[in-house]
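Take a look at the letters that make up each chain.
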Amino acid sequence: MPEKMPLTMKDIAAEMGVSVATVSRALKDSPRISQSQRQKIQQYAREHNFTPNILAESLRHSRVQPIKVIGVILPELVHYYFASVLKGIEEEAEAHGYRIMVGQSGESYDREVRLCQSFYENKVCGIIVSQAKDTHRYEHFQRLIEAGVPLVFYDRICTGVNASRVVVDDYMGAYNAVTHLINTGCRRIVYFSTQMNLEIGKNRFNGYKDALLKHGLPFVPELTRVCDNRHDAAMITQELFDGDAYPDAFFAVNDDTATGILYAVKHMGLRVPEDVSICGFTNDDRATACDPMLTTVEQRGVQVGEEAADILIGHVEGTIPLDHVEKRVVRTRLILRGSTR
């Protein structure tokens, strides 16, 4: 089991039957609280290893600025999109005098929990995070919010937690991509998706499905697969050509998956885009390093990172109230290249 998040003043207040303000004053040894009450609260805090997040509090209330560090959690550092988001975060943070501390969840819930705990213990002034694919429980995020740590989600947001977020318009990105495939004559369009527990998976799937229905094409469940990497895409693509009704187009949740489709299709002797059209989602370096070059939806990762850092810094410095949930959407655009007609 993952370790629990550290104790918060809210937890102490609930246990002792007092307000959070009383706990705060007692821990600061304020004479406004009776000595016996102070001793009880302080003893409970010591016994339960309570550690206040001094940095976040001092940034909001002090003119003397301590070292300002933002924690950033990436699912995968090697992924082009997350690397570009990190670039945007770092540039925006540096412009405002902040440093960043980076952790990689490796798509693991347990590791994500440990990173949140580590960042809290290291007194970061806030955390920017894209949740891991393996994350289905959100107590670690909720406890950070209850501890007063500013939290901003990007890309993979957690709808079960009331926190600020930055996303791309996944629905419209998918809708426009599939509409382009339909307008160029494609009728049996396969969609390779990420897991549906992720909000981006739901939104891109809905964009795909609605584009079909809007243009009078049936939604065929057999033409959708949970597949978001090159290796699996290469294998699954070949299986889809075993039947009588061949696909004439593929829409992939990312460019890595799209290149796996491209490899498999060409390996079978089919022509791209004459026989099969392929569209990805990201616009990373691989999109222009293949033959033909890949039509794809550009995500603008650097801008996503800049917006996430801007919100986080706003929460820390008080220009955006800590209890205000800021929601920003970064627009995508379809980049047309040689892999579609």
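Residues numbered from 1 in each chain as written. Predicted model: local features only at pLDDT ≥ 70, side-chain atom pairs only at ≥ 80, totals over all residues. Heavy atoms only, no water.

Enquirer: Can you walk me through the layout of surface pockets in this structure?
Expert: Here the idea is plain: a probe the size of a water molecule rolls over the atoms and shows the empty space left. Considering only enclosed or pocket space, the second largest pocket measures out at about 290 Å³ in volume. Around the second largest pocket sit 22 residues that line it, and His-79, Lys-133, Arg-156, Asp-228 and Asn-254 are the ones nearest its centre. Taken together, the elements giving at least two residues each to the lining of the second largest pocket come down to helix 5 (80–95), helix 9 (199–214) and strand 9 (277–282). (1 Å grid on protein atoms, 1.4 Å probe; cavity = no way out; pocket = protein on both sides within 12 Å on 5 of 7 lines; lining within 4 Å. Points joined across faces, edges and corners; volume = space filled by probe spheres on them. Helix = DSSP H or I, 4+ residues; strand = E, 2+ residues; numbered from the N terminus.)

Enquirer: Please explain the nonpolar core as it appears in this structure.
Expert: Nonpolar side chains in soluble globular proteins tend to end up buried together. Counting residues in each nonpolar core, the largest one holds 40 residues, and the members touching the most others are Ile-189, Phe-192, Phe-250 and Phe-251. Examining the composition of this core, we find that six residues originate from one element, helix 8 (residues 170–183), more than from any other. Beyond its immediate chain neighbours, meaning those up to four positions away, Ile-189 contacts Val-178, Leu-181, Ile-182, Tyr-208, Leu-212, Leu-223, Asp-248, Ala-249 and Phe-251. Listed in part, the 25 residues of the second largest apolar core include Ala-308, Ile-311, Val-316 and Ile-320. (Core = buried A, V, L, I, M, F, W, Y, C linked by side-chain atoms within 4.5 Å. Buried < 20%, exposed > 50% of the residue type's maximum accessible area, 1.4 Å probe, protein only. Contact = heavy atoms within 4.5 Å.)

Enquirer: In this structure, what is going on with the side chain of Glu-112? I would like to understand it.
Expert: Inspection of the secondary structure puts Glu-112 in helix 6 (residues 109–121). Comment: no salt bridge for buried Glu-112; closest opposite-charge side chain is Arg-156, at 7.2 Å. At a separation of 2.8 Å, a polar atom in the side chain of Glu-112 contacts the side chain of Thr-135. Among residues more than four places away in sequence, those in contact with Glu-112 are Ile-73, Ser-105, Ser-130, Gln-131, Ala-132, Thr-135, His-140 and Phe-141. (Lys, Arg positive; Asp, Glu negative; His and termini not counted. Salt bridge = Lys/Arg side-chain N within 4 Å of Asp/Glu carboxyl O. Polar contact = N/O pair within 3.5 Å; in protein donor to acceptor, adjacent residues only side chain to side chain.)

Enquirer: Would you mind showing me how to read the packing of helix 1 (residues 9–16) against helix 2 (residues 20–27) here?
Expert: A pair of packed helices is characterised by two quantities: the angle between their axes and the separation of those axes. Between helix 1 and helix 2, the least distance of the axes is 8 Å, while the angle of their chain directions is 105°. The angle between helix 1 and helix 2 falls in the class roughly perpendicular. On helix 2, the residues touching Met-9, Lys-10, Ile-12 and Ala-13 of helix 1 are Val-20, Val-23, Ser-24 and Leu-27. Along the lines of polarity and charge, the residues of the contact of helix 1 with helix 2 split into six nonpolar, one polar and one charged. (Axes fitted to C-alpha atoms, helices over the stretch in contact; angles between N-to-C directions. Parallel < 35°, antiparallel > 145°, perpendicular 65-115°, else oblique. Nonpolar A, V, L, I, M, F, W, Y, C, P; charged D, E, K, R; others polar.)

Enquirer: Please explain the sheet that holds strand 1 (residues 69–74) as it appears in this structure.
Expert: Strand pairs in the sheet, formed through backbone hydrogen bonds, run parallel or antiparallel to each other. Here we have six strands laid out as an open sheet, ordered 2-1-3-4-5-11, and parallel in their pairing. Each end of this open sheet is capped by a strand with a single partner; those strands are strand 2 (99–104) and strand 11 (327–330). In this sheet, neighbouring strand axes are inclined to one another by 15° on average, regardless of whether the strands run parallel or antiparallel. Note: strand 1 against strand 2, six bridges, orientation parallel. When the bridges of strand 2 are listed, Val-69 appears paired with Arg-99. The strands touched by helix 7 (residues 139–146) within the sheet are strand 3 (126–129) and strand 4 (151–154), with strand 4 carrying the most contacts at an inclination of about 140°. (Pairing = 2+ DSSP bridges.)

Enquirer: I tried to follow the packing of helix 10 (residues 230–239) against helix 11 (residues 255–267) on my own but got confused; where do I start?
Expert: In the contact formed by helix 10 and helix 11, the axes pass within 7 Å of each other and the chain directions differ by 40°. Between helix 10 and helix 11, the angle falls in the class oblique. Regarding helix 10 and helix 11, the two cross each other, and that crossing is right-handed. Where helix 10 abuts helix 11, its residues Arg-230, Ala-233, Ala-234, Thr-237 and Gln-238 lie against Asp-256, Thr-257, Thr-259, Gly-260, Ile-261, Tyr-263, Ala-264 and Val-265. Its residues assigned to classes, the contact of helix 10 with helix 11 comprises six nonpolar, five polar and two charged. (Left-handed = near helix turned anticlockwise from the far one by under 90°.)

Enquirer: Even after reading the chapter, I still don't get the pattern of salt bridges, so can you show me in this structure?
Expert: Between side chains of opposite charge, pairing is possible as soon as their charged atoms come close. Evaluated as defined, the whole model comprises 16 salt bridges. The partner of Glu-326 in a salt bridge is Arg-328, with the nearest N and O atoms 3.2 Å apart. Looking at Glu-326, the relative accessible area reads 18%, which means it is buried. Connected via shared salt-bridge partners are Glu-307, Asp-310, Glu-326 and Arg-328.

Enquirer: Quick question: what am I supposed to make of the packing of aromatic side chains here?
Expert: The geometry of an aromatic ring pair is captured by the separation of the ring centres together with the interplanar angle, meaning the angle of the planes. Enumeration over the complete set of coordinates arrives at 12 aromatic pairs. Judged by centre distance (6.3 Å) and plane angle (50°), the rings of Phe-251 and Phe-281 are tilted. Of this pair, Phe-251 sits in strand 8 (residues 249–252) while Phe-281 sits in strand 9, and the two are 30 residues apart along the sequence. Residue class for Phe-251 comes out buried when judged on its relative accessible area of 0%. Aromatic ring contacts, followed pair by pair, group Tyr-191, Phe-205, Tyr-208, Phe-219, Phe-251 and Phe-281 into a single cluster. Against the face of Phe-219 rests Lys-209, its NZ or CZ located 4.9 Å from the ring centre. (Phe/Tyr/Trp six-rings, centres within 6.5 Å; stacked < 30°, edge-to-face > 60°. Lys NZ or Arg CZ within 6 Å of the ring centre and 35° of its normal.)

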